[in-house]
Amino acid sequence: MIDLQPPPALVQMAQSEVQPEAPPEPVPVKVDVTQYVPDSATSVTMIVTVSPPTGTAVVYAPGYENYATIFKGPRSMEEVRLTGPFVYVKLYGAQSFEIQYTNYRQP
Amino acid sequence: MRNRLLSGTACAALCLVSFSGAARSATLDDVMQRLDKIEKENAELRQKVREMSAARPGAAASVASDPSKFKGNPVLHAGVATSPTPPPPVPGMPVKASPWGPVIDNTVVTLYGHFDISGDLFNPSVFDQGTKAGIASNSSYFGVRARHNLAPYGWEGWSIVAQLEAQIDAAASPTERAAFGSRDSYVGLEGPWGAIKAGKSDTPYKKSTAAMDPFANTLGDYNSIMGNTGGDNRAEFDWRMNHAIWYESPIVSGFQFSALASPGQNYAQDNSDYSFGDYFQCNGASVRGSGSNFPGTGGAVNGNIGGNGCTDGSYGNAYSAALNYKNGPFTAIAAYELHEGVNRHGDDNLEMAVAGSGPIFLPDGTQILTGVHNEWAAKVGGGYRFNDGLGDLQLNAYYEWIRREVTAIEQPFNERSRDGVFASATQFIGKWSVSASYAHAFKTPGNPACLSFNNLNAGEVCGTPGIVPVGQYQANLFDDSASQYAVGTRYRFNQWASWYVVGSVLKQGAGAHYCLGASGHGYQVCSRDAANDTIGGATLKAATTGLTFDF
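Worth saying up front: this structure is predicted, and the values here are computed from it rather than measured.

Helix and strand content of chain B: four helices and 20 strands. A total of 551 residues make up chain B; the buried ones form 44% of that total.

Spelled out as structure tokens, the structure:
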């Protein structure tokens, strides 16, 4: 007898071509850096710790999302340019974050 | 033409018949075999693609590697070092823009700069000067900062950071002071416990109150008086320290501590020579800039190690520390700085290794004695910011002690010990801000020199006892306190650009000789006549307007 079922390999390949559904865009969290950093600061250096450690945090000043600074988990240090008292934090693959300010720059 | 068409059609029909026959002759097993073969080839290709992707760490960022897609504002970042394979990007996560994406990872290079160019109008109230106009480049700079993230190497939260910064003499003719590395330049290690850096940097003492001055780098700069030892352009406690190592703590509950040490590393025991590594100027002087001693002005013997000409403020080991606190609207600072073995023999002319040395006597018959002694400064202050209905109002104030530890017999010639006070207020109204500041220098114990009368005889030397002086007078017989007033407004186009207008007046006693624009402005407005005689007690006035741009 001839098995007329479609070749399973073809079916599998067809499935691999399907693009996975894009995850929902994370909601940005607003952070006031001027609690500990001078209002006149133009950039702040910070250590961001994310949980779970495989996640990533993206930090940017309002209006500058395209120039965001990426903090890879579990913990990394980077410098973030400021345009005012606030920055936004978006989490990708992470549930929570913690910021430690290490330094800042003024004009 | 018709024959060609017919022959072509016949050929196509034959080919189609032949292909159809071959297809019909294949069994389903043949089809399955071919499909299995295709599947294997596909798997092999997929594996090769994975291997190639793993071999390119920067592949994740390649989407941003096209320079035409990089907008470049407000700051240009670029990675220049390779690293272990990064984790795959999270779906939907933006990739950092970079013109040099293919070589990205773990090192972020930031190009940054600051421009401040002003047009000035000033009058030093000196008999042969009058009102003058000027164009000045005020502490403009360009820098490159690189941060290398060590997290992929097992040092989570740690970075290596390096910075090169140069002054930009956008208005004046550039000199060595505009060389690369002339401003804060260093390499260091940063982590959760703070940062250790080595190179040159503004001292913690200087940085602790920098934000309190709304007129920094203008002709209303508070360094006319604050941190200024003796007047002129001697803001020696508002300093960028060469050959230094320093620690900066992280910010913990609003507190940040920083401390710096700079070895004197001088050829001479009384610090009268160049420091090791500095072959152009004395320690305690900026390159062709501010400070008490620099080539050609009574400082170093040019290009001559062993000349012992650093006798106008050159010092040995230096230490600086500051504790800053900021929590919401409250700020507070405490800072201290020590300069060891500050050589002031330029005032008493007793640096015996210098040809022509010998005692100097003032008109009252006293011999000037200044020597080599420690100098220190300390300051405490604070600020508060609140909304008064018009907008935020920022208030700042601090008190400063500057001391030179001389013996009692040297006190009549000590113009380096005094107190100072500074206060400023800035009212923010939308994109506008209006500021006012006040600085006061209290009287010092003495003065080692003569100052000139504000007249045509200014070049005549000090008179002898019993003779009425006509050109110069003994300064330590007069009050040398001074007060500086400044008001101004600034319009901020955004965080990066602003326009300002500032007016400033400096009033001083007959024994004082402070300048406007010390330590920051493109030049200083001092009470000097055309022959560089120092006029005592002049009232200095200036108005300035300028444009600033940061990137």
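For the rest of this paragraph, the subject is the overall build of chain A. A tally of regular secondary structure across chain A gives one helix and seven strands. Reading chain A from its N end, one meets helices and strands in the order α-β-β-β-β-β-β-β. Scored against the burial criterion, the 107 residues of chain A give a buried share of 41%. Taking the contacts inside chain A whose residues are at least 6 apart along the sequence as the reference set, 70% of them involve residues at least 24 apart.

Confidence in the prediction of chain A, expressed as mean pLDDT, is 83, and 79% of residues score 70 or more. Here residues 8-13 of chain A is a poorly scored stretch, pLDDT under 50, and it has six contacts once near neighbours within four places are set aside; other chains count.

To continue, consider the sheet that holds strand β1 (residues 29-32) of chain A. Strand-to-strand pairing in sheets goes through backbone hydrogen bonds, with the strands running parallel or antiparallel. All names here are of chain A. The sheet built from four strands is open, its strands ordered β1-β6-β3-β4 with antiparallel pairing. Two strands lie at the open edges of the sheet, namely β1 and β4 (69-72), each paired on one side alone. Adjacent strand axes in the sheet meet at a mean angle of 30 degrees, parallel and antiparallel pairs treated alike. Looking at chain direction, strand β3 (residues 56-60) and strand β6 (residues 86-92) are connected through five bridges and run antiparallel. Paired with A57 across the strands is L91, a residue of β6.

Residue and element names in this part refer to chain B. Pairing of strand β2 (residues 107-123) with strand β4 (residues 141-149) involves eight bridges; the strand directions are antiparallel. Considered in β4, the bridge of L111 is made with V144. Bridge count between β2 and strand β20 (residues 540-550): ten bridges; the pairing is antiparallel. Within β20, the position partnered with D116 by the bridge is T548. Two elements, β2 and strand β3 (residues 132-137), share six bridges in a ladder whose sense is antiparallel. Bridge assignment links S118 to a residue of β3, and that residue is A136.

Residue and element names in this part refer to chain A. In space, the three strands of this open sheet follow the order β5-β2-β7, with antiparallel pairing throughout. Every other strand in the sheet has two partners, leaving β5 (75-81) and β7 (96-105) as the edge strands with one partner each. Within this sheet the neighbouring strands show an average axis-to-axis angle of 25 degrees, counted without direction. The pairing of strand β2 (residues 43-51) with β5 spans seven bridges and is antiparallel.

This part is about unusual backbone geometry. All names here are of chain A. In this model, S51 is joined to P52 through a cis peptide bond whose omega is 0 degrees. Mapped onto the fold, P52 is located in the loop between β2 and β3. A cis amide bond, omega 0 degrees, links G73 with the succeeding residue P74. Mapped onto the elements, P74 comes out in the loop between β4 and β5.

If you look at the biggest cluster of nonpolar residues, it comprises 58 residues, and the most contacted ones within it are I225, Y514, L516 and V525 of chain B. With residues up to four places along the chain from it excluded, the contact list for Y514 of chain B reads S224, I225, N228, G231, A441, A482, L506 and Q508 of chain B. The next biggest cluster of nonpolar side chains, apart from the first, holds 32 residues, and it includes A68, M77, L82 and Y104 of chain A.

Turning to the environment of T110 of chain B, a few remarks are in order. Within the secondary structure, T110 of chain B sits in strand β2. Note on T110 of chain B: 17 C-beta atoms within 10 Å, which makes it partly exposed.

Below, the discussion takes up the pairing of strand β14 (residues 418-429) of chain B. Residues and elements named next belong to chain B. Residues R418, G420, F422, S424, T426 and F428 point to one face of β14 and are all buried, whereas D419, V421, A423, A425, Q427 and I429, pointing to the other face, are not buried. Bridging between strand β13 (residues 392-404) and β14 involves ten bridges; their strand directions are antiparallel. Residue pairing for β14: Y398 is matched across the bridge by F422. Connecting β14 to the antiparallel partner strand β15 (residues 432-441) that follows it, the hairpin turn spans two residues, and G430 within it adopts a positive phi of roughly 60 degrees.

A few words now on the environment of K206 of chain B. Residue and element names in this part refer to chain B. Relative to the elements of secondary structure, K206 occurs in helix α3 (residues 204-208). Overall, the presence of 23 C-beta atoms within 10 Å leaves K206 in the buried class. Put simply, K206 and I245 are 39 residues apart on the chain and 15 Å apart in space, counted from C-alpha to C-alpha. Not counting residues within four places of it along the chain, the set of residues in contact with K206 comprises D238 and W239.

Turning to its location among the elements, L111 of chain B is positioned in strand β2. Accessibility expressed as a C-beta count within 10 Å gives 14 for L111 of chain B, which makes it partly exposed.

What follows is about the confidence of the model for chain B. Residue and element names in this part refer to chain B. On average, residues of chain B score 83 in pLDDT, and 80% of them are at 70 or above. In this model, residues 10-26 is a region of pLDDT below 50 whose contacts with residues beyond four sequence positions or in other chains number one contact. Here residues 97-104 scores under 50 on pLDDT; set against residues more than four positions off or in separate chains, the count is 33 contacts.

Definitions and limits used
- Residue indices begin from 1 for each chain and proceed along its sequence in written order.
- In the order they appear in the text, chains get letters beginning with A and ligands get numbers beginning with 1.
- Note on the predicted model: pLDDT of at least 70 is required for a residue's local features to be given, and 80 or more for side-chain atom pairs to be given and counted; whole-chain, interface and lining totals, by contrast, use all residues.
- Put simply, DSSP H or I for four residues or longer makes a helix, DSSP E for two residues or longer makes a strand, and each gets a number counted from the N terminus.
- Residues with at least 20 other C-beta atoms within 10 Å of their own are called buried, those with 12 or fewer are called exposed, and the rest are partly exposed. The C-beta atoms themselves are positioned from the backbone.
- Note that contacts rest on C-beta atoms placed from the backbone: two residues are in contact if these are within 7 Å.
- For every residue, the predictor states its confidence as a pLDDT score lying anywhere from 0 to 100.
- DSSP-based pairing: two strands are paired if at least 2 bridges between them are found.
- Comment: axis = line fitted to C-alpha atoms, over the contacting stretch for helices; angle = value between 0 and 180 degrees taken between N-to-C directions.
- Here, a nonpolar core means buried Ala, Val, Leu, Ile, Met, Phe, Trp, Tyr and Cys residues linked by C-beta atoms lying within 7 Å of one another.

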